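As a plain string of letters, each chain reads:
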Amino acid sequence: MQFALLIYHSPAEFAMRKNDYNDPHLGAWRAYYKALVEAGVYVGAHALEVPETGTTVRLREAKRSVQDGPFAETKEQLAGLIILELPSVDAALEWAARCPGASIGAVEVRPLAPEAMRRGFTG
Amino acid sequence: MNGSNQEDTHRTIERVARESYGRLVAYLSSHTRDVASAEDALSTALVSALKNWPRDGVPQNPEAWLLTTARHSLIDLMRHQQVALASEPTLLLLRDETNEAALSAEFPDERLKLLFVCTHPAIDPAMHTPLMLQTVLGLDAVRIAHAFLVSPTTMGQRLVRAKTKIRAGGIQFEVPLLRELPQRLDAVLEAIYAAFGIAWDDMAGVDQCGRDLAEEAIWLARVLLELMPREAEVRGLLSLMLHCEARRRARRGQDGRYIPLSEQDSRQWSLPFIEEAEHHLAEASRLGRAGRFQLEAAIQSVHTERAQSGRTEWSAIVLFYEQLIRICPTLGTRTGHAAAVGEANGPEAGLAVLDGTDPDDVSGYQPYWAVRGHLLQRQGKTSEAAEAFDRAIGLAEDPAVRQFLLQRRG
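Residues numbered from 1 in each chain as written. Chains lettered and ligands numbered in written order. Predicted model: local features only at pLDDT ≥ 70, side-chain atom pairs only at ≥ 80, totals over all residues.

**Structural notes on the overall build of chain A**
Put simply, the rule is: Secondary structure counts use DSSP, requiring at least four H or I residues in a row for a helix and at least two E residues in a row for a strand, with both numbered from the N terminus. Think of it as a crowd count around each C-beta: if 20 or more other C-beta atoms lie within 10 Å the residue is buried, if 12 or fewer it is exposed, and in between it is partly exposed, with C-beta placed from the backbone throughout. This entry defines residue contacts through backbone-placed C-beta atoms, with two residues in contact when those atoms are within 7 Å.
Secondary structure assignment for chain A yields 4 helices and 6 strands. Sequence-ordered secondary structure for chain A, helices as α and strands as β, is β-α-α-β-β-β-β-α-β-α. Viewed in the frame of its principal axes, chain A has a C-alpha envelope of about 50 × 40 × 20 Å. Across the 123 residues that make up chain A, the buried fraction comes to 21%. Excluding contacts between residues fewer than 6 apart, the proportion of contacts in chain A whose partners are at least 24 apart in sequence is 75%.

Below, the structure written as C-alpha cells:
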C-alpha cells in the first residue's frame, strides 16, 4: 500500500532552507531520506519551491481566474511530498513522526488512491 | 453555594473519579463482562454527580453514591438493549446488590481481575496498554491515541473491538491459576511498562501528554503492588520506573537540549524517588525470585550510585545485562549490553557485541545506530561513525535527540 507524506512548512521553516550542504537542518533531512531508503519503504519524493512562486488557476462559470501564490492564505503551506510503500497506516504514522518536518511544521499522511484509479487519470 | 465551594466540589468529583474509576468499572463489569456498558453507566453517574453534588453537597460516601447511581443506569441500559432473556439472572443480581450497596459502602476490589482481563492472551497485545489506561484509569481515547501515534477514530474503534471481545469472547473475570500466573502477570507488567516507555520516549517533559502517562504508569504499578504485595517483579517494575522518573529533570538542559545519562548532573536527580526505588528493589530481592524488571532496576540503581561515588561501575552493569539477556533477549537489552561492554572493556568489545545482532532487526532501531556511532567514533573511525550516526538521526523522532546526534556526528 502506498502512502503520501505531505509536508507542510510555516514561513519560518521555508526561510530556513539554505543551499548549504553543511547546514544541520539539511543534515537531518538527508539522514531521514537515508533511513527511508535503508528501510526499503522509499518510493519517491519531491520538494516544492516556496509558496510565493506558485500560481493558482481556477475556472468558475467559464471564467478564468489566476492568482499569485497558493490557493489559501493559511499559515502552513505544502512544501513537499514523499511516497512510501508500507504495510499499514500505523507504519506510515511512525515514519511521519520521524520526519524532521514534523517537529516544526506538520506532516499529513494520506493513502494514495488505488492504482486503478490513478491509471484512470494518467491514461 | 458560592464559587469556591463549587470549585471544591468539582475538585472532589475529579479526585473521586480518578481514585474510584477503575474500582467501579471493575466491579460493575465483573458480573456482566461488559466493560463498555460499565464505563457508560459510570460516566452517566459522574455527570449526575456534577449536577447534584454542588447543589446537595458531596455525599458521605461518594464512591458508594457513584456505584448506586451507575448501577441504576446500568440496569436501565440493559433493559433498553433488550437483552433480558440472556441476562435476566445478571439483572436480578445487579438489582439485589444495588439494594445491598445502599446499606453497605463496602464492595470488593476487582481491579486485579480487570488488569488480567485487559492483558488476556485472546486480546491483541498492542491493545493491552490502551485498554488498561482506559478501563482502569479512565483516560479517553483521544489522549490514548496521541500517545500511541494512532488517529483518534482508529483508537476508538480498536478499543470498542477489544471490549466486544471481552464481552463476547468468553474472557473470564478472574485471577489466573497459580500455574498460569507468572506468564499472565508478565503481560500485566509489560503493559504497564509500555505506558511508561511511551512517556519516556516523549523525553523529559517536553510533552505534557508524555509526562502524565509516566505518572499514570507509576500509579498503575502502585495499584498492582497494593493488590499483589508479594510479587517480586511488581516491586521490580515500580523500582525501575521510579529510578528513571528520578532523573526526569536532569535529562534536559535549560535550553531544552538533550543530556545523555552519563553527562547528567546527578544533583538534579530526585532523592525521594531514588530512595523509594531502592526500598522497593531491596524488598523485591528479599522475596528471592529474580526477574527481568528487578535486573533492569538493578542496572538503574548502579547508575544512581554515581551520585555518591562520582563514577559509574560499568563492570557491574555488564554483569546485570548478562543475566538480563538470558531471560529477556530483546533488541533494547542487547543494545544496552553492547553499550555497557563498550564502556567497561573498550569500543572493540562493544562493537563485537553489536555485530552479533541480526541486521534485519536493527534497520529501524535508533539506539543501535547511536551506540554504534559512538563506539566507532571512540575508535577514531570518523567516516564509519558518521554513517552510523546518520542512520540514528534519520530514525530519531525527538528533535532534541536529533540535534544531539547531529552534534555528535560532527
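**So, the domain arrangement of chain B**
How big an interface is tends to be expressed through the accessible area that disappears when the partners come together. Residues and elements named next belong to chain B. Heads up, the rule is: An automatic or database domain assignment is the source of the domain bounds shown. Under the grouping applied here, Gly and all other residues not named as nonpolar or charged are polar, the nonpolar ones being Ala, Val, Leu, Ile, Met, Phe, Trp, Tyr, Cys and Pro and the charged ones Asp, Glu, Lys and Arg.
One can read the domain layout of chain B as domain 1 (3-109) and domain 2 (110-228). At the level of secondary structure, the elements contributing two or more residues to the side of domain 1 that touches domain 2 comprise α1 (3-32) and α2 (35-56). By residue number, the principal contributor to the side of domain 1 that touches domain 2 is α1, which donates 8 residues. Considering only residue class, the side of domain 1 that touches domain 2 consists of 8 nonpolar, 2 polar and 5 charged.

**Describing the sheet that holds strand β5 (residues 77-85) of chain A**
Residue and element names in this part refer to chain A. Filter applied, for reference: Here the rule is simple: two strands pair whenever DSSP picks up at least two bridges between them. Fitted lines through C-alpha atoms serve as axes, helices being fitted only where they are in contact, and the angles separating the N-to-C directions of these axes extend from 0 to 180 degrees.
Across the sheet, which stays open at both edges, the 4 strands sit in the order β2-β5-β1-β6 with antiparallel pairing between neighbours. Unpaired on one side and paired on the other, β2 (42-47) and β6 (106-111) mark the two borders of the sheet. The average angle at which neighbouring strand axes cross in this sheet is 20°, direction not considered. Two elements, strand β1 (residues 2-9) and β5, share 8 bridges in a ladder whose sense is antiparallel.

**Notes on the environment of R334 of chain B**
All names here are of chain B. As for its placement among the helices and strands, R334 is situated in helix α15 (residues 331-345). For R334, a count of 23 C-beta atoms within 10 Å translates into the label buried. Along the chain, R334 and Y368 lie 34 residues apart, while their C-alpha atoms are 9.0 Å from each other. Not counting residues up to four positions away in its chain, the partners in contact with R334 are I325, P329 and T357.

**Let's talk about unusual backbone geometry**
Keep in mind that most residues, glycine aside, have a negative phi and that most peptide bonds are trans. Residue and element names in this part refer to chain B. Phi angles above zero are rare outside glycine, and R33 is one such case at about 60°. Tracing the backbone through its elements, the reader meets R33 in the loop between α1 and α2. At L149, a position not held by glycine, the phi torsion is positive, near 55°. Mapping L149 onto the fold places it in the loop between α7 (141-148) and α8 (152-168). Given 14 C-beta atoms within 10 Å, L149 falls into the partly exposed group.

**With respect to the packing of helix α6 (residues 128-135) of chain B against α8 of chain B**
In a packed pair of helices, the relevant descriptors are the angle between the two axes and the axis-to-axis distance. Residue and element names in this part refer to chain B. What counts is decided by this rule: Working rule for angles: under 35 degrees goes down as roughly parallel, over 145 as roughly antiparallel, 65 to 115 as roughly perpendicular, anything else as oblique.
Between α6 and α8, the shortest axis-to-axis distance is 10 Å and the interhelical angle comes to 85°. As summarised for this structure, α6 and α8 are arranged roughly perpendicular, according to the angle between their axes. In this structure, α6 contributes P130, L131 and Q134 to the contact, and α8 contributes M155, L159 and A162. Counted by class, the contact of α6 with α8 contains 5 nonpolar, 1 polar and no charged residues.

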